[in-house]
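One letter stands for each residue in the lines below.
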Amino acid sequence: MDIYLKLFEVLFPVFFVVGIGYYLGKKNPKIDTTFITNFAANVGTPAMIIYALTSTGTTFEIFRDYFWYYFIAIIIFTLIGTVFLFFLNTTDIIRELPPFVMPNTGNMGLPICLFAYGSQGLGVAAAISALIILCHFTLGVFLADRKFNFNVILKSPPFYAIIISVIILYFKIKTPVFIENTTFLLMYATIFLILMSLGIALTRFKVFSFKKALISSIGRVIAGPIVGYLLIRYFNLTGFAAGVLLIQCSMPSAVLNYLVASIYSPKKIVDSVASTIVVSTIMSFLTIPLVVFFALKYFN
């Protein structure tokens, strides 16, 4: 019975805040989320990375190991996505790969791992999320635009937050209390805002091809946890960190995939990406409870 109570405690806050955003988006379709996007990208996400990596007991070794474990997962996600899109007769496989490759490890993954495993889980989740953030501004832009744009990552505040955090971890520098307190406040504010913005986004994105979006979403939220579990078995991982890896592999497609596609890809591709994000997120409301239950039961 305790594990079911824990599962409720982990998931209810996340789904409740997403529900608030969905309600607000339905009530006011013209609600402006520009502030949330700008705040999260330029202030909130960098603060979240710095706090989660430097103030939760995460070591450089843990960061390095799970950074690379998830890098392997991304390679596998890319292969799975290519196969799925090939059998769907997709004309532009490259531009439609991001929803398979880059899951929502930030908006949903971080708070779920935090509530499931506490500050230590947050640290491991942040190591994985840091990789996904780098991928969005490198691989994501490359896939959406079919060419690499180094200026995008140089203009990205989260990129510098990752570098600073890695330096702090590597040299075992003690984070000043005022920085820890400030990033702590900004992190929790950001988690609330981005979860709420996810709910708002679900009211705006449209599904243009349900069959294709459904099959693509299966490749994201069903194949994802299978890949995570196989990595856990192959590398013989145990404990809460293994549970975090499994949860992060199980997330739906990230909303940031849509934002990048809307800048660099044709409208047809943008519509397809948006469809996958909507359907995979809705499906995840069913699959995530199962994955978190499994993680809490066997990796605690």
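Everything discussed here concerns the structure shown above.
Okay, so let's go over this structure. (Residues numbered from 1 in each chain as written. Predicted model: local features only at pLDDT ≥ 70, side-chain atom pairs only at ≥ 80, totals over all residues. Heavy atoms only, no water.)

### As for the overall build of the chain
The helix and strand inventory of the chain stands at 13 helices and zero strands. When the elements of the chain are put in sequence order from the N terminus, they spell out α-α-α-α-α-α-α-α-α-α-α-α-α. Here the C-alpha atoms of the chain give a radius of gyration of 18 Å, agreeing with the 19 Å that 2.2 N^0.38 yields for 300 residues. For the chain, the spread of C-alpha atoms along the principal axes amounts to about 50 × 40 × 40 Å. (Helix = DSSP H or I, 4+ residues; strand = E, 2+ residues; numbered from the N terminus. Rg over C-alpha atoms; globule rule 2.2 N^0.38 Å.)

### Here's the deal with the packing of helix α5 (residues 105-145) against helix α11 (residues 239-249)
Close contact between α5 and α11 brings their axes to 9 Å; oriented N to C, the two are set at 160°. When the axis of α5 is compared with that of α11, the two are roughly antiparallel. By crossing handedness, the relation of α5 to α11 is classed as right-handed. Across from T105, G109, L110, I112, C113, Y117, Q120, G121, V124, A125, I128 and S129 in α5, the residues of α11 making contact are F240, A241, G243, V244, L245, I247 and Q248. Within the contact of α5 with α11, the residues separate by chemical class into 12 nonpolar, seven polar and no charged. (Axes fitted to C-alpha atoms, helices over the stretch in contact; angles between N-to-C directions. Parallel < 35°, antiparallel > 145°, perpendicular 65-115°, else oblique. Left-handed = near helix turned anticlockwise from the far one by under 90°. Contact = heavy atoms within 4.5 Å. Nonpolar A, V, L, I, M, F, W, Y, C, P; charged D, E, K, R; others polar.)

### Description of empty space enclosed by the protein
To find leftover empty space, a probe the size of one water molecule is rolled over the atoms. Per the counting criterion, the structure on display carries two cavities of 30 Å³ or more. The calculated volume of the largest cavity comes to roughly 40 Å³. Residue lining of the largest cavity: P98, M102, H136, G140, A144, N257, V260 and A261, and that is the complete set. Every element with two or more residues in the lining of the largest cavity is listed here: α5 and α12 (256-264). Along the lines of polarity and charge, the residues of the lining of the largest cavity split into five nonpolar, three polar and no charged. The calculated volume of the second largest cavity comes to roughly 30 Å³. Forming the boundary of the second largest cavity are L85, E96, P99, F100, K212, S216, S272, V273 and T276. Elements that contribute at least two residues to the lining of the second largest cavity include exactly α4 (98-101), α9 (210-221) and α13 (267-298). Looking at the lining of the second largest cavity, the element that brings in the most residues is α13, giving three residues. Residue classes in the lining of the second largest cavity are distributed as four nonpolar, three polar and two charged. (1 Å grid on protein atoms, 1.4 Å probe; cavity = no way out; pocket = protein on both sides within 12 Å on 5 of 7 lines; lining within 4 Å. Points joined across faces, edges and corners; volume = space filled by probe spheres on them.)

### Quick look at the layout of surface pockets
Counted as a void, the largest pocket has a volume near 1100 Å³. As for the largest pocket, its lining consists of 47 residues, and the residues nearest its centre are T37, A41, F137, L256 and L259. Listing elements by their share of the lining of the largest pocket, those giving two or more residues are α2 (34-54), α5, α6 (150-154), α7 (157-170), α8 (177-204) and α12. Counting residues per element, the lining of the largest pocket draws most heavily on α5, at 12 residues. A per-class count over the lining of the largest pocket returns 29 nonpolar, 16 polar and two charged.

### Considering unusual backbone geometry
As a rule of thumb, non-glycine residues mostly have phi less than zero, and peptide bonds are mostly trans rather than cis. The phi dihedral of N89 falls on the positive side, at around 55°, and the residue is not glycine. Topologically, N89 is positioned in the loop between α3 (60-87) and α4. The backbone of N236 sits at a positive phi, close to 55°, despite the residue not being glycine. Structurally, N236 is set in the loop between α10 (223-234) and α11.

### Some thoughts on the pattern of salt bridges
Applying the stated criterion across every chain, the model contains five salt bridges. Put simply, R95 and D92 hold a salt bridge, and the shortest N to O gap is 3.3 Å. The class for R95 is buried, based on a relative accessible area of 15%. A salt bridge links R146 to D92, with the shortest nitrogen-to-oxygen separation between them at 2.8 Å. One end of the pair, R146, is in the loop between α5 and α6; the other, D92, is in the loop between α3 and α4, with 54 residues separating them in the sequence. Salt bridges linked by common partners bring D92, R95 and R146 together as one network. (Salt bridge = Lys/Arg side-chain N within 4 Å of Asp/Glu carboxyl O. Buried < 20%, exposed > 50% of the residue type's maximum accessible area, 1.4 Å probe, protein only.)

### Some thoughts on the packing of aromatic side chains
Throughout the structure, instances matching the rule amount to 24 aromatic pairs. Ring geometry for F63 against F67: centres 5.5 Å apart, planes inclined by 35°, an arrangement best described as tilted. Here F63 and its partner F67 are both found in helix α3, four residues apart, which amounts to about one turn of the helix. Residue F63 is classed as buried on the basis of its relative accessible area, which comes to 6%. Centre to centre, the rings of F86 and F87 are 5.5 Å apart; their planes meet at 80°, and the pair counts as edge-to-face. The class for F86 is exposed, based on a relative accessible area of 54%. By relative accessible area, F87 is classed as exposed at 64%. Every member of this aromatic cluster is reached through a ring pair, and the members are F63, F67, W68 and F71. The ring of F77 carries the charged tip of R220 above its face, separated from the ring centre by 4.4 Å. (Phe/Tyr/Trp six-rings, centres within 6.5 Å; stacked < 30°, edge-to-face > 60°. Lys NZ or Arg CZ within 6 Å of the ring centre and 35° of its normal.)

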